[in-house]
Amino acid sequence: MADQQRGHLKEIGAGSRLIILHAGGREGFVKDSLLIFKSSSTAGDYHSSMNFSNFKKWTMEKLIPNLEPRSVIVLDNAAYHNVEVDKKPRKGSLKKTMLEWLQNHNIECNPKMLNSELYLLIQCVDIQKKLVIDEILKEHDHDVFATAAVSPKSKSNRDSLELY
């Protein structure tokens with residue numbers, strides 16, 4: 001009978017959520033890098049509470065100052081880990097954005113060109129994809145590796161990865 005009384009008193013999905021961010025390695029957790037805050041979401045989707053701005057701030061204020069020199073950081077494929085430094089405009093971007101991007105890369109173009117023509121020019125520009133977080137960590141002499149992308153069919157694998 002005692003076994004039947006064990007368990008959660010509340011459903012796991014009910015109530016507010018805490019966002020917990022930490023780093024660890026073979027020596028245990030990285031000292032002073034723990035961040036815990038209450039999700040600001042009232043819609044039940046707490047994922048929007050952990051965003052690029054929060055992750056970048058944590059990386060710079062809590063992680064980097066407490067890492068051992070020449071550490072290796074492994075990140076999963078969360079969107080906030082993968083913000084590009086100089087992202088190419090998309091097909092549906094504003095014409096002004098496309099023109100500015102092309103000018104910043106010294107690509108000659110006519111401002112009277114159609115968006116579709118500007119986009120074709122953008123697609124022809126070969127730039128190395130750089131991620132903001134990777135660049136910040138590299139500036140501090142750390143190496144960054146990313147886990148393989150997870151397909152939507154194996155979402156449960158990604159969820160379990162993020163628990164560790």
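Residues numbered from 1 in each chain as written. Predicted model: local features only at pLDDT ≥ 70, side-chain atom pairs only at ≥ 80, totals over all residues. Heavy atoms only, no water.

**A short note on the overall build of the protein**
Selection criterion: Counting from the N terminus, the helices are DSSP H or I runs at least four residues long and the strands are E runs at least two residues long. Three exposure classes are used, based on accessible area relative to the maximum for each residue type with a 1.4 Å probe and protein chains only: buried under 20%, partly exposed in between, and exposed over 50%. Working rule for contacts: check all heavy atoms of both residues, and any pair within 4.5 Å makes them a contact. Surface exposure here means Shrake-Rupley accessible area, sampled with a 1.4 Å probe, where a residue is shielded only by the protein chains that are shown.
Secondary structure assignment for the protein yields 5 helices and 6 strands. Start at the N end of the protein and walk to the C end: the helices and strands fall as β-β-β-β-α-β-α-α-α-β-α. When each of the 164 residues of the protein is scored for burial, the buried share is 23%. Long-range pairs, those at least 24 residues apart, make up 55% of the contacts in the protein with a sequence separation of at least 6. Carbon together with sulfur atoms contributes 52% to the accessible area of the protein, which is approximately 12600 Å² in total.

**With respect to the confidence of the model for the protein**
Going by this rule: pLDDT runs from 0 to 100 and stands for how confident the predictor is about each residue.
Of all residues in the protein, 77% attain a pLDDT of 70 or more, and the chain-wide mean is 83. Counting contacts from residues 154-164, a segment whose pLDDT is below 50, to residues more than four positions away or on other chains yields 6 contacts.

**Details of unusual backbone geometry**
One non-glycine residue, Asp 32, lies in positive phi territory at about 60°. Tracing the backbone shows Asp 32 in the loop between strand S3 (28-29) and strand S4 (35-38). Of note in this structure, Asp 141 is not a glycine but carries a positive phi near 65°. Here Asp 141 is to be found in the loop between helix H4 (132-139) and strand S6 (143-146).

**So, H4**
An α-helical segment advances 3.6 residues per turn. Residues three or four places apart therefore align on the same side. Within H4, burial applies to Val 132, Ile 133, Asp 134, Ile 136 and Leu 137. Structurally, H4 contributes buried residues whose contacts are with helix H1 (52-63), strand S5 (72-75) and S6. Once H4 finishes, Asp 141 follows within two positions and takes phi at roughly 65°, a positive value.

**Re the environment of Leu 137**
With respect to the helices and strands, the residue Leu 137 is situated in helix H4. Judged by its relative accessible area of 1%, Leu 137 is buried. Taking the C-alpha atoms as reference, Leu 137 lies 9.8 Å from Arg 70; in sequence the two are 67 residues apart. Aside from chain neighbours lying at most four places away, what touches Leu 137 is Thr 59, Leu 63, Ile 64, Ile 73, His 142 and Val 144.

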